[in-house]
Each structure stands twice: as C-alpha cells, then as structure tokens.
Amino acid sequence: AGKDDGLLNNPRGLASDGKGRLLVADCGNNRVVVLDEGDGKFVGSFDVPSPSWVAVHPKSKAVYVLSQDSLVKFSGWKDAREEGRLALSPVPDRTQRFLALDREAEPAVLWIGHSQGTNLLARIEEKDGKFGATQPALSRPVRMFWNCFASQDREEMGVKTGQGTVHILNEKSGKIRTLNLGVSGICRFGPNGQIYGMEHAEGIRRWDANGKLMPFTACVDEKNKVGLLAKHTSGTTSWESYCCVARD
C-alpha cells in the first residue's frame, strides 16, 4: 500500500476501456489509476474523492465513477473533465449498493441495485450527455439460493434458501418438495436419498429422504448430541464450504 505511481491503497473497482487500459478505483488515495493491461505499468491517474466503482463506455470513452454518494461522469481518463454529477441517497447500514453500466446502450444507461430495502433496482438514462432522472425499474425480491447439491443417482437436485430450508427438485417429474431441516451449514445427499447437513458449530446431522431425523447411533447416548456426529467446523467465521458423502 502507498501513494506512489506503482502503489495502491484500498483499491475497490476495476474497469477495462477495451483499448488495453485498466482503470482502478484507488479509494484510499482519492484517485482513479490507469494501468497498461499488457505490463501493469502506471499510465496515468485523475483525482476523485473516495472512488468505489468505475466503468468506461467503449464508444464515448466517458468514465463513470461512484464517489462517496455521488455518481460522476468524466470526459475520459486523459485530461479528465467532469461532465455530470448525480447525488444518490445514502445507503443504510448493512445495505450494499451495486452499479452497472450498459456498455452497448446509446445514450448510456446505468443501473443501481441495493441488497435490501424498497428501492431494489433503479435505471438512469442519459439525455443530451447528462444524467436523466432516476427511475424505479421493474423488479421483485428474490430468495437467496445457495448450496446446490446433487443426489448420487443424479435424479434429484437440492438447494437451500435462508438458513434451514431445503428445496429438492426431481428432474424426471419436475416436482419440488420442501424440507425445513433447520441446518445452518451446507447439505449433501447420501445413499438412498438421505441428507447430511453440517452445522456451523455443532457437527453433522442426518435425515431420510422425507426429512425425518436419522440420529447417528454412536452418538445417541452422548449428552446433548441427539445423534449428532461430533465433527466440528474450525470455529472461525470462514465456514467450511465443502464436504461429501461416500457412496457406500
């Protein structure tokens, strides 16, 4: 980390101009840095307070930067001249903001998304080279699907939503069954459609294909285990992301 031409300080966003230059939002140094994609050498920079996102329109060469709570348009990275500015509403705590530039649209179109709240997605279309009004985009909340896992016979596919709900799709029938297993970590299929789930801090549980708990017999008599296989995670916030169940 540093302020020299060959150093960065808390880099956030990246963008290619399609002409062999890579732009970096060098947030800690209050600038956007331009690098040569071929050898990584410093080509230039221009000042922007706390930039966290950057994009380049390949045709107009305009550079768009998120600077704190303002979206700023520059004429380009060479002799950068501010051509437009749009103030954005501050983001509440625990909410993430995402931006995207439609690189094919003329005039340019930008999208702003939020990880939660009522204004999930908005669209901004430029008019006469200036930012137009922020318009709500047609969108709807989606569930967070994660931990995709396939059955050993390859006929079923499972996926989790939230912390403990598992949805299982039978690819032949197209039917989906939902099991509320309450398991906090990842799940995997075992033989005969059994489901194994890793708890973050407790161990591994097992259910049959219909979601009925199948305690590990060796653990049933242990205090507070309730048939829970005492295989713990590392105890850090870096959850183990993978496990598998042998076919036998």
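This structure is a prediction, so every number in the text was calculated from the model and none was measured.

Quick look at the sheet that holds strand E18 (residues 195–198) now. Reading across the sheet, the 3 strands line up as E17-E18-E19 and stay open at both edges, with antiparallel pairing between neighbours. If you trace the sheet from one side to the other, it starts and ends with strand E17 (187–189) and strand E19 (204–207), each paired once. Direction aside, the axes of adjacent strands within the sheet are offset by 20° on average. Note that E17 and E18 share 3 bridges and pair antiparallel. Across the sheet, the residue bridging to Phe189 is Ile195, located in E18.

Time to look at the pattern of salt bridges. This model, assessed by the stated rule, comprises 10 salt bridges. The closest approach of N and O atoms between Asp26 and Arg31, which form a salt bridge, is 2.8 Å. On the basis of relative accessibility, which here comes to 7%, the residue Arg31 falls in the buried class. Taking the shortest distance from any N to any O, the salt bridge between Arg123 and Glu125 comes out at 3.1 Å. Residue class for Arg123 comes out partly exposed when judged on its relative accessible area of 31%.

A separate point is the sheet that holds strand E4 (residues 42–47). Within the open sheet, the 4 strands sit side by side as E1-E2-E3-E4. Their pairing is antiparallel. On the outer flanks of this sheet lie strand E1 (11–16) and E4, each paired with one strand and no other. Averaged over all pairs of adjacent strands, the angle between strand axes in this sheet comes to 20°, irrespective of strand direction.

Glancing now at the side chain of Thr95. Assignment of secondary structure puts Thr95 in the loop between strand E8 (82–87) and strand E9 (97–102). In terms of polar contacts, Thr95 uses its side chain to reach the side chain of Gln116, at 2.9 Å. Among all residues touching Thr95, those that are not within four sequence positions of it are His114, Ser115 and Gln116.

Thresholds applied
Residues numbered from 1 in each chain as written. Predicted model: local features only at pLDDT ≥ 70, side-chain atom pairs only at ≥ 80, totals over all residues. Heavy atoms only, no water. Pairing = 2+ DSSP bridges. Helix = DSSP H or I, 4+ residues; strand = E, 2+ residues; numbered from the N terminus. Axes fitted to C-alpha atoms, helices over the stretch in contact; angles between N-to-C directions. Salt bridge = Lys/Arg side-chain N within 4 Å of Asp/Glu carboxyl O. Buried < 20%, exposed > 50% of the residue type's maximum accessible area, 1.4 Å probe, protein only. Polar contact = N/O pair within 3.5 Å; in protein donor to acceptor, adjacent residues only side chain to side chain. Contact = heavy atoms within 4.5 Å.

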